Amino acid sequence: MNNRSNMVKIAVVGGEGIGPEVTAQAQRVLNWFSAKRGVPMTLREAQYGIVPYLATGKVLPDDTVEAMEECDAILWGATGGPETKEVPAAARKAGSLLGLRSKYDLYANLRPIVAHPALSDSAPLKAHVLDGVDFVIIRELTSGIYFGEPRGIETMPDGQRRGFNTEQYTTNQVRRVARSAFELARTRRNKVCSVDKANVLEASVLWREEVTRLHQEEFSDVDLSHLYVDNAAMQIVRDPAQFDVMVTGNIFGDILSDCAAMASGSLGMLPSASLGPVDKFGRRKALYEPVHGSAPDIAGKGIANPLGSILSVAMMLRMTMNQPDDADLLEKAVATALSSGARTADIAELGAKKLSTVEMGDAVLNALERVAATAKENA
């Protein structure tokens with residue numbers, strides 16, 4: 001995949017809710033890079049969720065499993081929503097996103113948080129707070145309380161019901177995601193903030209100790225700080241520009257990245273990349289998806305913001321296709337579209353024109369043409 005002659009295989013899985021709508025716009029962008037920039041790729045569309053379940057009895061049908069097995073990267077849309085009540089819990093669990101993360105060992109989830117100046121008027125946070133915000137949250141994705149055992153709901157002898165889950169981490173699980181954070185920081189501003197709850201949780205005591213040891217052994221050149229998760233949430237709102245790379249466990253990363261979305265203007269703006277281990281050929285399985293969920297309340301209305309999915313393509317260009325210049329081009333095109341006033345409903349200022357999902361896709365593609373032409377003139 002580090003050679004342009006190698007064709008990168010991409011499985012496009014729109015999923016449920018607004019997933020197919022936003023993914024369709026991201027796929028248009030991928031097609032543009034294939035046609036206009038010669039980026040070597042093949043796309044294979046595959047279904048997930050209630051539609052294939054009604055046809056095959058599986059939310060993750062065999063054709064989709066095959067597509068994901070063969071691909072280098074998965075472009076994922078969304079899963080879940082009230083309509084999925086038609087799918088039995090057992091069938092849903094058998095094909096769950098958590099299961100896919102575990103199957104492919106997608107342990108490092110990267111969520112960039114960037115404040116676009118063009119959105120300062122519509123962002124929930126004040127403009128001066130958002131000045132210079134550009135950091136990445138790395139969430140450990142295949143361990144912690146979402147995967148820990150034992151878990152369940154039981155009835156106790158006195159008749160009360162008890163629900164329980166297990167938060168747990170091992171040395172290797174902590175060190176490998178922390179290593180990802182330190183390595184990324186070396187390419188940025190050389191700062192890592194590790195977030196835990198070591199004042200009350202033993203799993204977090206281990207987390208902090210292992211991150212600290214790895215730092216001392218291999219990454220002493222990187223600035224390392226620690227925050228408790230409650231303070232981290234406050235600092236993200238108070239002064240998000242202080243962060244460069246933040247690394248944390250599964251449940252804390254889930255919550256903090258949604259909180260940090262307010263620094264981007266909307267949850268619909270956030271992309272993500274979930275990365276597996278590097279194999280002997282130097283490749284790693286990756287799943288790219290917008291951070292937002294299926295948003296069933298607006299599904300089918302054509303008003304969802306596709307920028308989270310489109311910016312996930314930029315991450316794919318950089319991390320899987322090894323095309324950093326093309327990734328930069330796409331991110332510049334998104335910024336250009338926003339600067340020219342392109343807005344979906346979730347990021348629109350009062351009185352601003354609201355674009356549909358497709359119209360926002362058009363705006364990005366038009367901006368791509370302009371930015372690419374300018375880059376060619378300046379070359």
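Note that the structure is a prediction, hence the values are computed from the model and not measured.

1. Observations concerning helix H7 (residues 171–186)
Over its 16 residues, H7 extends 22 Å from the first C-alpha to the last, a length consistent with the 22 Å expected when each residue adds 1.5 Å. Taken together, the buried positions of H7 are occupied by Val174, Arg175, Val177, Ala178, Ser180, Ala181, Phe182 and Ala185. At its buried positions, H7 is contacted by strand E4 (108–114), strand E5 (134–140), strand E8 (191–196), helix H8 (202–218), strand E9 (223–228) and strand E10 (245–248).

2. Observations concerning the environment of Gly351
Of note, Gly351 is situated in the loop between helix H12 (324–339) and helix H13 (357–378). A residue is classified by how much of its surface remains accessible, and Gly351, at 79% relative accessible area, is exposed. The spatial distance from the C-alpha of Gly351 to the C-alpha of Glu167 is 46 Å, given a sequence separation of 184 residues.

3. Observations regarding the pairing of strand E6 (residues 152–155)
Taken together, the four bridges between E6 and strand E7 (residues 161–164) define a ladder with antiparallel strand orientation. Note that in E7 the partner of Gly152 across the bridge is Phe164. From the end of E6 to the start of E7, which pair antiparallel, there are five residues, and Gly159 there has a positive phi angle of about 95°.

4. Observations concerning the pairing of E9
Across six bridges, the pairing between E8 and E9 is parallel. Bridge assignment links Val195 to a residue of E9, and that residue is Leu227. What joins E8 to E9 is H8, and the crossover it makes is right-handed.

5. Describing the state of the cysteines
Applying the stated criterion to the full structure yields zero disulfides. With no disulfide of its own, Cys259 lies 13 Å from the sulfur of Cys193, the closest cysteine sulfur.

6. Here we look at the sheet that holds E5
The 10 strands lie next to each other as E2-E1-E3-E12-E11-E4-E5-E10-E8-E9, forming an open sheet whose pairing is mixed. A strand with exactly one partner marks an edge of an open sheet, and here the two such strands are strand E2 (41–46) and E9. Going from strand to strand, the sheet's axes swing by 20° on average, the running direction of each strand aside. Where strand E3 (residues 73–78) and strand E12 (residues 286–288) come together, three bridges link them in parallel fashion. Bridge assignment links Leu75 to a residue of E12, and that residue is Tyr288. With respect to the sheet, helix H3 (residues 62–70) is in contact with strand E1 (8–15), E2 and E3, its orientation differing from that of E2 by roughly 155°. Strands E5, E8, E9 and E10 of the sheet are contacted by H8, whose axis makes an angle of about 175° with E9.

7. Observations concerning the nonpolar core
Ranked by size, the top nonpolar core spans 66 residues in total, and within it Phe33 and Leu330 carry the most contacts. Those residues in contact with Leu330 that sit more than four places away from it in its chain are Val29, Phe33, Ile310, Val313, Ala314, Leu317, Val364 and Leu368. The next biggest cluster of nonpolar side chains, apart from the first, holds 24 residues, and it includes Ala123, Leu227, Ala263 and Val291.

8. Considering empty space enclosed by the protein
Counting across every chain of the model gives two cavities of 30 Å³ or more. Looking at the largest cavity, its volume works out to about 70 Å³. Along its surface, the largest cavity is lined by Glu167, Tyr169, Val195, Asp196, Ala203, Ser204, Trp207, Thr248, Gly249, Asn250, Ile251 and Phe252. When residues of the lining of the largest cavity are traced back to their parent elements, those giving at least two are E8, H8 and helix H10 (250–260).

9. Topic: unusual backbone geometry
A cis geometry characterises the amide bond from Glu149 onward to Pro150, with omega recorded as 5°. Considering the arrangement of structural elements, one finds Pro150 in the loop between E5 and E6. Despite not being glycine, Asp105 shows a phi value in the positive range, around 55°. Overall, the relative accessible area of 24% leaves Asp105 in the partly exposed class. Phi at Ala295 is positive, roughly 45°, even though this residue is not glycine. Within the element layout of this structure, Ala295 appears in the loop between E12 and helix H11 (307–319).

10. What to know about H8
In an α-helix, one turn spans 3.6 residues, which is why side chains three or four residues apart end up on the same side. Compared with the 24 Å implied by 1.5 Å per residue over 17 residues, the 24 Å span of H8 between its first and last C-alpha is a close match. Ala203, Ser204, Trp207, Glu210, Val211, Leu214 and His215 are the residues of H8 that are buried. Along the long axis of H8, the arc covered by the buried residues comes to 135°, so they all point the same way. Within H8, the exposed residues directed more than 90 degrees away from the buried face are Glu202, Gln216 and Glu217.

11. Focus: the packing of helix H9 (residues 229–238) against H10
For the pair H9 and H10, interaxial distance at closest approach is 9 Å and the crossing angle is 15°. Between H9 and H10, the crossing angle belongs to the class labelled roughly parallel. For the element pair H9 and H10, the recorded crossing hand is right-handed. Across the interface between the two elements, Val229, Ala232, Ala233, Ile236 and Val237 from H9 touch Phe252, Leu256, Cys259 and Ala260 from H10.

Reading the values: the criteria
Residues numbered from 1 in each chain as written. Predicted model: local features only at pLDDT ≥ 70, side-chain atom pairs only at ≥ 80, totals over all residues. Heavy atoms only, no water. Helix = DSSP H or I, 4+ residues; strand = E, 2+ residues; numbered from the N terminus. Expected span 1.5 Å × (residues − 1). Buried < 20%, exposed > 50% of the residue type's maximum accessible area, 1.4 Å probe, protein only. Contact = heavy atoms within 4.5 Å. Pairing = 2+ DSSP bridges. Right-handed = clockwise from strand over helix to strand, strands pointing away. Disulfide = S-S within 2.5 Å. Axes fitted to C-alpha atoms, helices over the stretch in contact; angles between N-to-C directions. Core = buried A, V, L, I, M, F, W, Y, C linked by side-chain atoms within 4.5 Å. 1 Å grid on protein atoms, 1.4 Å probe; cavity = no way out; pocket = protein on both sides within 12 Å on 5 of 7 lines; lining within 4 Å. Points joined across faces, edges and corners; volume = space filled by probe spheres on them. Arc of directions from axis to C-beta. Parallel < 35°, antiparallel > 145°, perpendicular 65-115°, else oblique. Left-handed = near helix turned anticlockwise from the far one by under 90°.

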